[in-house]
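The primary structure of each chain is shown beneath.
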Amino acid sequence: MPRRTDLKSVLVIGSGPIVIGQAAEFDYSGTQALRVLKEEGLRVILVNSNPATIMTDPEFADATYVEPITPEVVEKIIAKERPDAILPTLGGQTALNTAIALDKSGALEKYNVELIGANIAAIELGEDREKFKGVVERCGAESAKSIIVHSMDEAFAAAEELGYPMVVRPSFTMGGLGSGLAYNAEDLRRIAGAGIQYSPTSEVLLEESILGWKEYELEMMRDKNDNVVVVCSIENFDPVGVHTGDSITVAPAMTLTDREYQKLRNIAIAVIREVGVDTGGCNIQFAIEPDTGRVVVIEMNPRVSRSSALASKATGFAIAKIATKLSLGYTLDEIPNDITKKTPASFEPTLDYVVVKVPRFAFEKFPAADPTLTTTMKSVGEAMAIGRNFTEALQKALRSLEQRGATLSFDPVDAADVPGLIEASRRPTTARLQQVQQALLGGASIEELFEATGIDPWYLDQLVLINETAEQIRRAPSVNEDILRLAKRHGFSDEQIGALTNTPEAVVRGVRHALNVRPVFKTVDTCAAEFAAYTPYHYSSYDEEDEVAEHAKPSIIILGSGPNRIGQGIEFDYSCVHATMALREAGHETVMINCNPETVSTDYDISDRLYFEPLTLEDVLEVIAAEQRTGGVLGVFVQLGGQTPLKLAQALADAGVPILGTSPAAIDLAEHRGAFQQVLDEGGLTAPKNGTAVSFEDAKRVADEIGYPVLVRPSYVLGGRGMEIVYDEANLSRYITNATEITPDHPVLVDRFLEDAIEIDVDALFDGTDLYVGGIMEHIEEAGIHSGDSACVLPPITFGTDVIDRVREATRVIAAGVGVRGLINIQFALASDILYVIEANPRASRTVPFVSKATGVQLAKAAALIGTGSSIAELRAAGKLTAVGDGSTLPLDAPVAVKEAVLPFSRFRTPEGTVVDSLLGPEMRSTGEVMGIDKYFDTAFAKSQAAANSALPTAGKVFVSVANRDKRSIIMPVKRMSDLGFEILSTGGTAEVLRRNGIAATVVRKVGEGAGPNGEGTVVDLITAGEINLVVNTPSGGQARGDGYEIRAAATSIGCPVVTTVSEFGAAVQAIDAMRSYEWDVTSLQEHASRLKAATGA
Amino acid sequence: MTVHEIINPTPAVLMLEDGRTFRGRAYGAQGTALGEAVFATGMTGYQETITDPSYARQLVVQTAPHIGNTGVNGDDAESRRIWVAGYIVRDAARRPSSWRSERTLEEQLAEQGVVGISGVDTRAVTRHLRERGAMKAGIFSGSDAERPDSELLAEVRAQQGMEGSRLAEEVSVDEAYLIDPADHGWAGEPLFTVAAIDLGIKSMTPVRLAERGIRTYVLPAASTFEDIKALNADGVFMSNGPGDPATADVQVDLLREVLDARIPFFGICFGNQILGRALGFGTYKLRYGHRGINQPVMDRRTGKVEITSQNHGFAVDAPLDGPVTAPEARFGRVEVSHVSLNDDVVEGLACLDIPAFSVQYHPEAAAGPHDSAYLFDRFVDLMAASKSKESI
């Protein structure tokens, strides 16, 4: 039966900014959906506020709206575009919630739009916990005993019945936001209290604890003919109690007999039918009591999820693509399996390998946060690895994390330490795997650790196997072939083998190659080799038979960016994907290496060949060797995937691998202080006074010389890891003491910190002769806030041509001096009209996708072509870049784009249970970004705030309390707010200043003052009660704690917008003014581009 | 496994008929195992697989890399013993984990004298069999593995191939036995009595019937029509089983008597091939067979897809575009009711004029998905319809 012919246009809702629990996997699924809809000849409309996505590339839809995903804005898009249908199941919880809101508001009916791939009743049955319990019961299965509450009184009554500990889960939140385990009444008050706030329906579910049970998930697909298949089973290494996103997970399930597995499958199918999931994907989670086998259904998601992305990558079954086809009316048997070509999608993939996913955390960014893992997801990314057995896959996954301490180590463990390790492993944290493995190494039994952790004994035995193997390696008289094969069979890296045998890694590799102990590359084929596979989706294993086919053209290898982390996220994947698209279009054969299952780059049909591998030197060299022996390698791109591939550049070059684009020597030059200073000196450019230090004495000497405050940071980092502004010697000493990674190879950089400077970011292309400025971004927050966390605007709104010309020339001088061939990102600071060069990175930057979306010029594609020999002049002539002008010559009526960061503070709690501080600083903490684009800055800024889930108010109460240095600057904006009718609330000195300036500020009580005689609440009480609509609070000096912290924490907890810098406050006032004056309209990127084209005459 | 064994395992070798060899370590019993090498792709259900009599005289390659993780228990065996002639796995579990586990798989294999090999590139073996077809093979472990390869190869080639092999009688029970519905949760009086001819029957099959109120007498393969009549059976069932259906003339003749008597008939797997041959169709050997629990089959009457459990190396050669009159015209019209979506192989036959149908796959699903359980209901309905016709 063919697809529905009545549908002519479809609106796809994206998932918005990358946040914890909703990340790049929805770009992957959304991009697949758009490709299917386009192939089917439909008019495709997309809304997604996240510019760092492939799906928002204008060629993937007919109309691409980078607009806030709110019901109001989406309704405007519907009114303008009049789509026949909305596909809401590929954009995570955001899309689903928006669709529900549009249904409730009557907008769907008003515009006669149909939801496809989902129906509201099914969504509600799936997501409403009480209704879902009924579903489970009707299917003859069990749920955990539970009670729904809407108030704390109800919660305490329920606790009497269920007993502690119990699980607290708010309804309709994503990534388990607001969930937690309550061990006592105090915990319950805290978690359920916040949960009632988070839930859009003020609804919280309390349930019996199934802590420590085995946890499983099935990924399912259903078509309109009621054909249902299980795409993948996933088993959690960590038992129930740790969010599945934070757990190590394994596919397929390893410890179920067929009877138990079929029981889960039967329940899942019954539930999917009873819920009435329309067509498409869904997942169901189960818990199994380890000693009885009692099965409890935990929950289901009636949509494509993070797990579906993992399942797609783990099996090769393209869930999002197929879900989209099903939503158009195809049935599973009508859709071919792309991998085998001759068999249909109506089957269940079978795996002849093991997939292990490990989460990547960012607790180092939030030192105050409690690192206990709970049912609230806290990881910011994940790495996946494929091996022919669990040990190989686990160890590959761990080294894919690129995190110190993530790989297992085998130094002898003192038996005296074992009880402590066992005790520590009771509480799940990021260190639990290592604690368990170390305890086993020290002689603990599997039984002891099973009792402490609930981790299945089969997995514990696998850790023992790894430990025993390590012992064999250590005892081996020499690094011989037998020992290498044994080590490699269980996933040991050359580095680990080196550590165990006191041999340098390079020597291990040399011996290994001499003995011809090399990995083979197997294929992910959905069918365990039952049928021939036509898609070269490979993974390495130390097994017998290699499957890489000969290729006719030498390949271009693109190194991806590995697991998402703060500072290196989806933006880099975007550049990698663009490079492969541009190079394939230019006739090259491309190869992608990456280990992040959440990405578009690891879709098997994005490149000619995909190697799902860790991005370590060893693993990358083996892929290169495989490519070399099957047809040759033209070169490797290291400049697109961020710091991960960049740091391999020199070692790859040393191994004789041709590096495309900017050379390793040039990369090193930009990173090397002294050499880079020389480039600046020769070009007549200024950098803030600086120096490098490898000890406190060094650092003190430099700081004394250049004067405090100084900005200190380790070299070779991304995302401002470990970066701090230090105001005095005492803090400098503390910083150096804590910075453990200082070595002569990795010194600390000490810079003069420029106060009150405007920061400028530039992305540009250089081909050795010509410069092409992609875009110049003006930061809204002053220098000192990490550029990744700062809002910025393009084109700059407060610079005249003279500044822009100086920036352009400085960029040219640096690009030429460094020797860039491709992309460069430079950060400048403008202070007292002096242009300082802060740093230069000769690679794709985090802002490349934003600039590309804002200007309509695909920089990463151009960079890839420059890397293979094209000149900027040729690219201009070929229409790949604008024929004339560039990002520094945008006309005055060009649209204004604002990038705003999205921060995860509300996810993290201190051990006391309060939210961590939301202050911005030189260390990056944002997980994602949004773009607001409009004719003028004010509306663009307002849209960016709405898109970042902190919509500015247009009326109500504003609380203002600022540091002394800021008091002068806030008078005018507060006055304007007051004139606009906002009630101004304030405390202490700020209130005095405002009143002296004729602004009627109501004085409220400080936190320290406590409640008033007549029960007047403090400012925190008012915020918590939801009476304040906007908080303006700037921190004073080095004092982060105190009143300011309490105020910001309260606001963060309830989702009230908080402004922490004066410059942002100014922008906010402009935006509020605009929101009150004009109705927003929605404009697609395609419309912006054609207007810009008309304006520039290009 | 001791630490010593990690680094110095007992050797084993898998030798294929065409000379390709794979070296690994001994698993289970040590010695020599000869048979036809086939691969099975299920990710769960190894205990059911090794005890499935249809695998008699076969060396089974498990494509799932970890085997033995949940050990062996007293409930999941599909017959009284292990039938696979040899077992080929990549990573054998050292320590099983399941609340139902009673012993390790390796102990079970060793105790029943089943020679296995672990640590081989099972995917390479599978790809080889996929490209060149299922073939004769041998596993040699311990001291047998140290014999010269040329000797091993000669021994592999000297064995009889699967084509022309008559094995049903070898695996069948000697004595009839009864499976009572009361033992399987059926509360009321039994609805019907079925005579099930054991050609290698899996234990779950009579259980599925019992759950529907059917008393099943499982009869030896050599049973006669008189034996069936003596039971006053309402229906006849023929099971799965090993070997070449072209050798099953005894059962084909028996089934023709059953069909002539219009006794409702249901066949599974080998039983499907026997129905095919009884109707006059041929059977043929597939290159590498269907052995897995993820096989999509379309029920051509409903247009619905079921994910099925399969284990067959032979198939019925019947026209897909039916219905047609059976070559044995006295049985009237027949249609291919089920077809494999992977390769269009006949997966089910339905007679339109007599009460008989069969499927090539395993609705009893042990191991495998339960999508096709409705076929047992269909058999019950067929017996009910037949009975009501009689009473009229």
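## Some points on the overall build of chain B
And step 1. From N to C terminus, chain B includes 11 helices and 20 strands.
And step 2. Against the globule reference of 21 Å for 392 residues, chain B gives a C-alpha radius of gyration of 21 Å, in line with a compact fold.
And step 3. Dimensions of chain B along its principal axes, counting C-alpha atoms only, are 75 × 45 × 40 Å.
And step 4. Within chain B, residue pairs in contact and separated by at least 24 positions form 75% of the contacts whose partners lie at least 6 positions apart.

## Side note on the overall build of chain A
And step 1. Looking only at helices and strands, one finds 38 helices and 39 strands in chain A.
And step 2. A compact globule built from 1098 residues should have a C-alpha radius of gyration of about 31 Å, and chain A, at 28 Å, falls within 12% of that.
And step 3. Dimensions of chain A along its principal axes, counting C-alpha atoms only, are 75 × 70 × 70 Å.
And step 4. Taken across its 1098 residues, chain A has 61% of its residues classed as buried.
And step 5. Here the analysis covers contacts within chain A between residues at least 6 apart in sequence; of these, 71% occur between residues at least 24 apart.

## Here's the deal with the nonpolar core
And step 1. Core analysis: the largest hydrophobic core is formed by 470 residues, its most contacted members being A:V356, A:V1031, B:L14 and B:I88.
And step 2. With 15 residues, the next largest nonpolar core counts A:V149, A:A155, A:L188 and A:L206 among its residues.

## Thoughts on the interface of chain B and chain A
And step 1. Taken together, the contacts link 44 residues of chain B with 51 residues of chain A.
And step 2. Among the elements of the structure, helix 1 (3-7), helix 4 (122-132), strand 15 (282-299) and strand 16 (304-317) of chain B are those that each provide at least two residues to the side of chain B that touches chain A.
And step 3. Ranked by residues supplied to the side of chain B that touches chain A, first place goes to helix 4 of chain B with 6 residues.
And step 4. Per-class residue counts for the side of chain B that touches chain A are 16 nonpolar, 16 polar and 12 charged.

## Focus on the sheet that holds strand 16 (residues 381-387) of chain A
Residues and elements named next belong to chain A.
And step 1. The strand order across the open sheet built from 7 strands is 14-13-10-11-12-15-16, with neighbouring strands paired in antiparallel fashion. Looking at which strands have only one partner, the edges of the open sheet turn out to be strand 14 (295-301) and strand 16. Going across the sheet, the axis of each strand differs from the next one's by a mean of 25 degrees, ignoring polarity.
And step 2. Relative to strand 12 (residues 249-251), strand 11 (residues 228-236) is paired through 2 bridges, and the arrangement is antiparallel. Opposite E235, over in strand 12, you have V250 as the bridge partner.

## Some details on the environment of B:G282
Residues and elements named next belong to chain B.
And step 1. Note on placement: G282 falls in strand 15.
And step 2. Under the C-beta neighbour-count criterion, G282 is labelled partly exposed, with 14 such atoms within 10 Å.
And step 3. The spacing of G282 and A315 is 33 residues in sequence and 8.6 Å in space, taken between C-alpha atoms.

## Quick word on the confidence of the model for chain B
And step 1. The predicted model of chain B averages 95 in pLDDT, with 98% of residues at 70 or higher.
And step 2. Among the scores for the predicted complex, ipTM is 0.97 and pTM is 0.94.

## Observations regarding the sheet that holds strand 38 (residues 1030-1033) of chain A
Picture the strands of a sheet paired through backbone hydrogen bonds; they go either parallel or antiparallel.
All names here are of chain A.
And step 1. Strand order across the open sheet formed by 5 strands is 37-36-35-38-39, with parallel pairing between neighbours. Looking along the sheet, the strands with just one partner apiece sit at the ends: strand 37 (1001-1003) and strand 39 (1058-1059).
And step 2. Both strand 36 (residues 983-986) and strand 37 contribute to a ladder of 3 bridges, which runs parallel. Residue pairing for strand 37: I984 is matched across the bridge by A1001.
And step 3. Across the sheet, helix 36 (residues 1043-1054) touches strand 35 (957-961), strand 38 and strand 39, and the angle it forms with strand 38 is around 155 degrees.

## Things to note about helix 13 (residues 418-425) of chain A
Residue and element names in this part refer to chain A.
And step 1. By the burial criterion, the buried members of helix 13 are L421, I422 and S425. For helix 13, the arc enclosing every buried residue in end-on projection is 100 degrees, short of the 170-degree limit, so these residues lie on one face.
And step 2. Packed against the buried residues of helix 13 are helix 14 (432-441) and helix 15 (446-453).

## So, the packing of helix 18 (residues 494-501) of chain A against helix 19 (residues 505-514) of chain A
Residues and elements named next belong to chain A.
And step 1. Two numbers describe how helix 18 lies on helix 19: the axes approach to 8 Å, and their chain directions differ by 110 degrees. Classified by the interaxial angle, the pair formed by helix 18 and helix 19 is roughly perpendicular. Mapping the contact onto sequence places D494, E495, I497 and G498 in helix 18 and E505, V508, R509 and R512 in helix 19.
And step 2. Residues of the contact of helix 18 with helix 19, tallied by class, amount to 2 nonpolar, 1 polar and 5 charged.

## Concerning the pairing of strand 33 (residues 896-902) of chain A
All names here are of chain A.
And step 1. The element strand 33 is largely enclosed, with a buried count of 7 among its 7 residues.
And step 2. In strand 33, alternate side chains face the same way, and those of V896, V898, E900 and V902 on one face and A897, K899 and A901 on the other are all buried.
And step 3. Strand direction decides the pairing type here: strand 30 (residues 792-794) and strand 33, joined by 3 bridges, are antiparallel. For C792, the partnering residue across the bridge sits in strand 33 and is K899.

## Some words on unusual backbone geometry
And step 1. The step from A:A251 to A:P252 runs through a cis peptide bond, and the omega angle for that step is -10 degrees.
And step 2. Inspection of the secondary structure puts A:P252 in the loop between strand 12 and helix 9 (258-275).
And step 3. With an omega of -10 degrees, the peptide bond running from B:G322 to B:P323 counts as cis.
And step 4. Following the sequence through the fold, B:P323 ends up in the loop between strand 16 and strand 17 (324-325).
And step 5. A positive phi angle, close to 55 degrees, is found at A:A528, a residue other than glycine.
And step 6. For A:A528, the location among the structural elements is in the loop between strand 17 (520-523) and strand 18 (537-541).
And step 7. For A:A528, a count of 25 C-beta atoms within 10 Å corresponds to the buried category.

## Looking at the pairing of strand 9 (residues 204-208) of chain A
Residue and element names in this part refer to chain A.
And step 1. By the criterion of burial, strand 9 is predominantly enclosed, with 4 of the 5 residues buried.
And step 2. By the bridge criterion, 4 bridges tie strand 6 (residues 146-149) to strand 9 in an arrangement that is antiparallel. Counterpart to I148 in the pairing with strand 9 is L205.
And step 3. Across 5 bridges, the pairing between strand 7 (residues 166-170) and strand 9 is antiparallel. Residue pairing for strand 9: M166 is matched across the bridge by E208.

What counts, and at which threshold
- Sequence order sets the numbering: in each chain, residues are counted from 1 along the sequence as written.
- Here chains are named by letter from A upward and ligands by number from 1 upward, in the order in which they appear as written.
- Since the coordinates come from a predicted model, pLDDT governs what is reported: local features require at least 70, and pairs of side-chain atoms require 80 or more to be given and counted, while whole-chain, interface and lining totals use all residues.
- What counts as a helix is a DSSP run of H or I of at least four residues, what counts as a strand is a run of E of at least two, and both are numbered from the N terminus.
- Each radius of gyration is computed over the set of C-alpha atoms, and the globule rule expresses the reference value as 2.2 Å times the number of residues to the power 0.38.
- For every residue pair, C-beta atoms are placed from the backbone, and the pair is scored as a contact if these atoms sit within 7 Å.
- Whether a residue is buried, exposed or partly exposed is read from the other C-beta atoms within 10 Å of its own C-beta, which are placed from the backbone; 20 or more gives buried, 12 or fewer gives exposed, and intermediate counts give partly exposed.
- To define a nonpolar core, we join buried Ala, Val, Leu, Ile, Met, Phe, Trp, Tyr and Cys residues through C-beta atoms within 7 Å and take the resulting set.
- Residue polarity is assigned by list, with Asp, Glu, Lys and Arg as charged and Ala, Val, Leu, Ile, Met, Phe, Trp, Tyr, Cys and Pro as nonpolar; anything else, Gly included, falls into the polar class.
- Strand pairing is assigned whenever DSSP detects at least two bridges linking the two strands.
- Axis definition: a line fit to C-alpha positions, over the contact stretch in the case of helices; interaxial angles, taken between N-to-C directions, run 0 to 180 degrees.
- The predictor attaches a confidence to each residue, called pLDDT, with possible values from 0 through 100.
- The directions from the helix axis to the C-beta atoms are what the arc is built from.
- An angle below 35 degrees is treated as roughly parallel, one above 145 as roughly antiparallel, one from 65 to 115 as roughly perpendicular, and anything else as oblique.

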